[in-house]
Amino acid sequence: MGFDGDKKRKCIIAGSVSGLLVIMVVSVAVVTSKHSPKGDENEIRKTTKAVQAVCEPTDYKETCFNSLMNAEPKNTEPLDLIKLSFNVTIKSIHESLKKASGDVKAKASKDPAAKGAFELCEKVMIDAIDDLQKSFNRGFSLARIEYYVEDLRVWLSGSIAFQQTCMDSFEEIRSNLMQDMINIFKTSKELSSNSLAMVTGISSLVPNSNITGLTGALASYARKLLSTEDGIPTWVGPEARRLMAVQGGGPVKANAVVAQDGSGQFKTITDALNAVPKGNAVPFVIYIKEGIYKEKVMVTKKMPHVTFIGDGPTKTVITGSLNFGIGKVKTYLTATVTIEGDHFTAKNIGIENTAGPKGGQAVALRVSADYAVFYSCQIDGYQDTLYVHSHRQFYRDCTVSGTVDFIFGDAKCILQNSRIVVRKPKRGQSCMVTAQGRSDVRESTGIVLHNCHIMGDPAYIPVKTVRKAFLGRPWKAFSRTIIMKTTIDDVIDPAGWLLWQGEFALKTLFYAEHLNIGPGSTQAQRVKWPGIKRLSPNEALMFTGDRFLLGDTWIPQTQVPYTANM
């Protein structure tokens, strides 16, 4: 299914006109007053009109209107009301956490699995608040809104992803407490969705200022922020950039050196991470010498700007085997390596989870950090290998291997020029390369495979006709995956995509294949779901690096000619 260009332009024009009308209506209602029980009826009427206008793009209008009016806005400027919605949502999550502690925690404590799910919920809900707080603290005005809309959309999408993770933790163990948690956090979920809708709606007031088509000042700004120098995004610090540009492994100038033989400052990666200065604001480079490191590595939110440099993806290997299938560890917590600190970079590192097919969900790498870059890394596992959980992520020249849903999550993520390897699953299983988790239609997230190679591991080839492999399946209602300019071997079933359960998400997902080659790329027998898209060349540009990640983040060492647009 393609898009009608004329209709799209008309919709943009109509949306802009509607948006201008909203601003005009709200501008008339601009006041700076405190409401009192006997407040002036005219002022209350103006405030009511302003709140109704800013709530217009939302899906939960009653929740939006009541929450903002109850907050007694002191200013009815649209952007101030949007910031107020962030604050209202933060307050709602705090209140919901308090209610959950009173109503659910005691019940959950009677069962170890439910107790673990509740504890995980408490953590990820705080992470959700952090993303909302970042959005609230981000200074902006209407004159500069185009510069900040994308950040806000990414962080609000991240907040929604964290809240969804809470619910997933109860669903994973099939706990009857899940419905209690859904009911308690219902308003918080609606408020989060409304905040995202407001931000997305405001962006439509500035023609072509959103992710679908950057032009003018925003494009220049994005290129300045995210363009590449020597194949590495400009927002990577100068020292990390120099290290990323070094060919192969070898000695590097580092803040910390890890070596199992004692030739470095530390013998474990965790000890080296503990040396990251508090409030670190510059690249902290950790050189990890050749060796097999059996440890669970966590780069926390308090460790931004960390860089890992190894001696090669098969020489410096971090390994673990935590899993849900046998060990009953929550999927979110099984990762051998977890990245939560923003501006993380890695080069020449191998990361694996060796739980095997019987281990079920067993993550090798989970990334919940913004602006994370992985270059020349190897990420191996079986089910749920690479958890691209949230925020902006870029993978270049990497290898990712697995069986079931082995690239999954709700990040805004591009894998470029990488090898995607389907491994042999256990008997009775199929293989799915992706399971993207967008749960709100306005989230700016998605998984993009560009100029990659989807292939089968030698052990998988003999069983490929029985244990079939697919490009992906919809984990959440608005799952979005785009595969373009990718070589697809004959390991992918002709149907291409697999159901999650029944008719779930078939009308709301967004799946597209564009300019792929190889025997597995033939679309003649592909499924005909309503959500399957056929992109025109212009529509495909939405998912290239300079559009989808807000800037020219592609590393130019590619096998095909590269331009800024494709």
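Within an unreviewed UniProt entry, the label attached to the protein reads Pectinesterase, and the organism entered is Arabis nemorensis. Database annotation for the protein, UniProt heading Subcellular location (unreviewed entry): "Secreted, Cell wall".

**Student:** Can you walk me through the overall build of the protein in this structure?
**Tutor:** For the protein, the helix and strand inventory stands at 14 helices and 28 strands. Taking all 566 residues of the protein together, 58% fall into the buried category. Partitioning the intrachain contacts of the protein with sequence separation of at least 6 by distance along the chain shows that 70% fall at a separation of at least 24. Total accessible area on the protein stands at roughly 23,200 Å², and carbon and sulfur atoms take up 55% of it.

**Student:** It is not clear to me how the packing of aromatic side chains should be interpreted in this structure. Could you clarify?
**Tutor:** Remark: the centre distance and the inter-plane angle together describe each pair of aromatic rings, the angle taken between the planes. Within this structure, the stated rule accounts for nine aromatic pairs. Here the aromatic rings of Phe 308 and Phe 344 are separated by 5.1 Å at their centres, their planes lie at 85°, and the arrangement is edge-to-face. In this pair, Phe 308 sits in strand E7 (residues 306-310) while Phe 344 sits in the loop between strand E9 (337-339) and strand E10 (345-347), placing the two residues 36 residues apart along the sequence. Both residues of the pair, Phe 308 and Phe 344, count as buried. Consider the rings of Tyr 332 and Tyr 387, whose centres lie 6.1 Å apart with planes at 85°: the pair is edge-to-face. Residue Tyr 332 is found in the loop between strand E8 (316-320) and E9, and its partner Tyr 387 is found in strand E15 (residues 386-388); the two are separated by 55 residues along the sequence. Of the two residues examined, Tyr 332 and Tyr 387, each falls in the buried class.

**Student:** Looking at this model, I keep getting lost on the sheet that holds strand E11 (residues 350-353). Mind explaining?
**Tutor:** Read across the open sheet, the eight strands follow the order E5-E8-E11-E14-E17-E20-E23-E26; overall the sheet is parallel. In the strand order of this sheet, the two ends are held by strand E5 (291-294) and strand E26 (487-488), each with one partner. Pairing between strand E20 (residues 419-422) and strand E23 (residues 453-456): four bridges, direction parallel. Across the sheet, residue Val 421 finds its bridge partner in E23, namely Met 455.

**Student:** What is the right way to read the sheet that holds strand E22 (residues 446-450) from this model?
**Tutor:** Strand pairing in a sheet takes place through backbone hydrogen bonds and is either antiparallel or parallel in direction. In space, the 11 strands of this open sheet follow the order E3-E4-E7-E10-E13-E16-E19-E22-E25-E27-E28, with parallel pairing throughout. Whereas interior strands pair on both sides, the edge strands pair on one side only; in this sheet they are strand E3 (256-258) and strand E28 (532-533). Relative to E28, strand E27 (residues 510-514) is paired through two bridges, and the arrangement is parallel. Along E28, the bridge assignment pairs Ala 512 with Lys 533.

**Student:** What am I meant to see in the state of the cysteines here?
**Tutor:** In protein chemistry, a disulfide is the covalent bond that joins the sulfur atoms of two cysteines. As enumerated under the stated definition, the model contains two disulfides in all. Here Cys 55 engages in a disulfide with Cys 64; their sulfurs sit 2.0 Å apart. The S-S bond linking Cys 55 to Cys 64 shows a torsion near -80°; that makes this disulfide left-handed. The same class applies to Cys 55 and to Cys 64, which are both buried.

**Student:** Whenever I open this one, the packing of helix H2 (residues 41-55) against helix H4 (residues 78-103) confuses me. Can you help?
**Tutor:** When two helices pack together, their arrangement is given by the angle between the helix axes and the distance between those axes. Close contact between H2 and H4 brings their axes to 10 Å; oriented N to C, the two are set at 70°. As judged from the angle between their axes, H2 and H4 are roughly perpendicular. In this structure, H2 contributes Ala 50, Val 51 and Val 54 to the contact, and H4 contributes Pro 78, Leu 81 and Ile 82. Taken together, the residues that form the contact of H2 with H4 break down as six nonpolar, no polar and no charged.

**Student:** Can you help me understand the pairing of strand E25 (residues 480-484) in this one?
**Tutor:** On any regular strand, side chains alternate: one points to one face of the sheet, the next to the other face. Burial analysis of E25 places five of its five residues in the buried class, the great majority of the element. The pairing of E22 with E25 spans four bridges and is parallel. Note on E25: the bridge partner recorded for Leu 449 is Ile 483. Pairing of E25 with E27 involves five bridges; the strand directions are parallel. Across the sheet, residue Met 484 finds its bridge partner in E27, namely His 514.

Rules of the game
Residues numbered from 1 in each chain as written. Predicted model: local features only at pLDDT ≥ 70, side-chain atom pairs only at ≥ 80, totals over all residues. Heavy atoms only, no water. UniProt positions renumbered as here; feature names shortened; annotations may be inferred. Helix = DSSP H or I, 4+ residues; strand = E, 2+ residues; numbered from the N terminus. Buried < 20%, exposed > 50% of the residue type's maximum accessible area, 1.4 Å probe, protein only. Contact = heavy atoms within 4.5 Å. Areas by Shrake-Rupley, 256 points an atom, 1.4 Å probe, with all protein chains shown as cover. Phe/Tyr/Trp six-rings, centres within 6.5 Å; stacked < 30°, edge-to-face > 60°. Pairing = 2+ DSSP bridges. Disulfide = S-S within 2.5 Å. Axes fitted to C-alpha atoms, helices over the stretch in contact; angles between N-to-C directions. Parallel < 35°, antiparallel > 145°, perpendicular 65-115°, else oblique. Nonpolar A, V, L, I, M, F, W, Y, C, P; charged D, E, K, R; others polar.

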